[in-house]
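Structural description and commentary
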Amino acid sequence: MSATDFLGLWLHILAVVAYGGATLAVVVMVIPAANGAADAASRRSILVRALRIYDPLAIAVLGIVVMTGASNLTTYKAAMRGAFFERVGWLLVCKLSLAFMVIMVGTYITFGLAHRIVRAEGLGDPPDDAWLTSMTRRLSIACILSLVLLALTVWLGLELGHPSMYAIPPA
Ligand code: HEM
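Here goes a summary of the coordinates provided. (Residues numbered from 1 in each chain as written. Predicted model: local features only at pLDDT ≥ 70, side-chain atom pairs only at ≥ 80, totals over all residues. Heavy atoms only, no water.)

**Considerations on helix α1 (residues 3-35)**
Put simply, the test is: Note on conventions: DSSP H or I runs of at least 4 residues are helices, E runs of at least 2 residues are strands, and numbering of each starts at the N terminus. Multiply 1.5 Å by the residue count of a helix minus one, and that product is the helix's expected span. The seven residues ending at a residue and the seven starting there each receive a fitted axis; the angle between those axes is the bend at that residue.
Here α1 is 33 residues long and its end C-alpha atoms lie 46 Å apart, about the 48 Å a rise of 1.5 Å per residue gives. Maximal helix bending in α1 amounts to about 40°, located at V26.

In structure tokens, the structure reads:
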């Protein structure tokens, strides 16, 4: 493996770890801390302080995952030539389908939920306890779903480089 490919794979894994770690932190640290707050105003401000950083971070690292993955793929395809699809076709189709779902759920978390909480604070909207409870519950569920999808994608990613007895049979 060339130095550039190795660097690409290293960045690919680091970005996956960063996304997983930050998303796990939202579920096990940020949301419980916010739920422990005395009132809706302090609850929202705890969420906003964390999500204001989480949003751009999550989008940036998911972008790095896709870009490094795509460059890895080019090398991979060149190395395997005609046997590419026969050897890793279905495995890659499954992995990229899961990766697509990780990115879709990740986009929903950042733009569909977290950004709306940050914007409500930014616009000075009066804190709404029922709305915050519903948004926080959806945020928690979406983050857990994203982590499960991420774990499955990591499994298939590892299968690409290190085929095991659980490997998806070639096409
Ligand atoms: C959330 C999404 C993703 C996750 C969690 C993920 C995870 C992984 C993991 C754990 C590996 C194994 C590294 C190893 O061999 O030790 C890997 C390798 C790889 N990934 Fe991804 N990946 C994701 C998205 C993508 C995307 C979108 C692409 C392509 C567009 C891609 C292309 C590749 C390729 C080609 C390899 C093999 C690299 C090599 O062994 O040289 N990945 N990925």
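**Notes on the site of the ligand**
As a reminder of what qualifies: Whether a residue is near a molecule or strand depends on its heavy atoms: if one lies within 4 Å, it is near. Nitrogen and oxygen atoms within 3.5 Å of one another constitute a polar contact, given that in protein one can donate a hydrogen and the other can accept it, and given that sequence-neighbouring residues count only through two side-chain atoms. For this classification, the nonpolar set comprises Ala, Val, Leu, Ile, Met, Phe, Trp, Tyr, Cys and Pro, the charged set comprises Asp, Glu, Lys and Arg, and every other residue, Gly included, is treated as polar.
Surveying the vicinity of the ligand reveals 23 residues, the closest of which are H12, G69, K95, G157 and H162. A distance of 2.8 Å is found between a nitrogen atom of the ligand and a side-chain nitrogen or oxygen belonging to H12. In the environment of the ligand, a nitrogen atom lies 2.5 Å from a nitrogen or oxygen atom belonging to the side chain of K95. Looking at the shell around the ligand, the elements with two or more residues in it are α1, α2 (40-80), α3 (84-122) and α4 (129-161). The greatest single-element share of the shell around the ligand, amounting to seven residues, is contributed by α4. In terms of residue class, the shell around the ligand is made up of 15 nonpolar, seven polar and one charged.

**Regarding the packing of aromatic side chains**
Heads up, the condition is: Any two of the Phe, Tyr and Trp rings considered here, Trp counted by its six-membered ring, make a pair once their centres fall within 6.5 Å; the pair's planes then place it as stacked at under 30 degrees, edge-to-face at over 60, or tilted in between. To sort residues, take the accessible area from a 1.4 Å probe on protein chains only and compare it with the maximum for the residue type: under 20% means buried, over 50% means exposed, and anything in between is partly exposed.
Applying the stated criterion across every chain, the model contains one aromatic pair. Taking the centre distance of 5.8 Å and the plane angle of 75° together, the rings of F85 and W90 count as edge-to-face. Residue classification places F85 among the partly exposed residues on the basis of a relative accessible area of 40%.

**Focus on α2**
Between the first and last C-alpha of α2 there are 56 Å, a value that for 41 residues agrees with the 60 Å anticipated at 1.5 Å per step. Within α2, the axis deviates most sharply at L51, by approximately 30°. With a side-chain oxygen lying 3.2 Å from the backbone nitrogen of A41, the N-terminal cap of α2 falls on D39. Following α2 by one or two positions, R81 has its phi on the positive side, about 45°.

**Looking at the coordination of the iron atom of the ligand**
To keep it simple, the criterion reads: Coordinating donors are taken to be N, O and S atoms lying within 2.8 Å of the metal, or within 3.2 Å when the metal is Na, K or Ca; because water is excluded from the atom set, some sites may appear incomplete. Just to be clear on the cut-offs, tetrahedral is four donors with all angles between 85 and 135 degrees, square planar is four donors and octahedral six with opposite donors over 155 degrees apart and all others between 65 and 115, and anything else goes down as irregular.
Binding of the iron atom of the ligand to the protein goes through H12 (NE2) and K95 (NZ), at separations of 1.7 to 2.1 Å. Here the iron atom of the ligand is ringed by six donor atoms whose angles at the metal span 84 to 177°, and the overall shape comes out octahedral. With H12 in helix α1 and K95 in helix α3, this residue pair connects regions lying 83 residues apart in the sequence.

**Looking at the environment of T75**
As for its position among the elements, T75 is in helix α2. Within polar-contact distance, the side chain of T75 engages the backbone oxygen of S71 at 3.0 Å.

**Details of the pattern of salt bridges**
Rules: One speaks of a salt bridge when a side-chain nitrogen belonging to Lys or Arg is within 4 Å of a carboxyl oxygen belonging to Asp or Glu.
For the structure on display, the rule yields two salt bridges. The shortest N-O distance in the salt bridge between D129 and R43 comes to 2.9 Å. Residue D129 is found in helix α4, and its partner R43 is found in helix α2; the two are separated by 86 residues along the sequence. Given the relative accessible area of 42%, D129 is considered partly exposed. According to the relative accessible area criterion, R43 is buried, its value standing at 9%. E121 is the partner of R44 in a salt bridge, and the nearest nitrogen-oxygen pair spans 2.6 Å.

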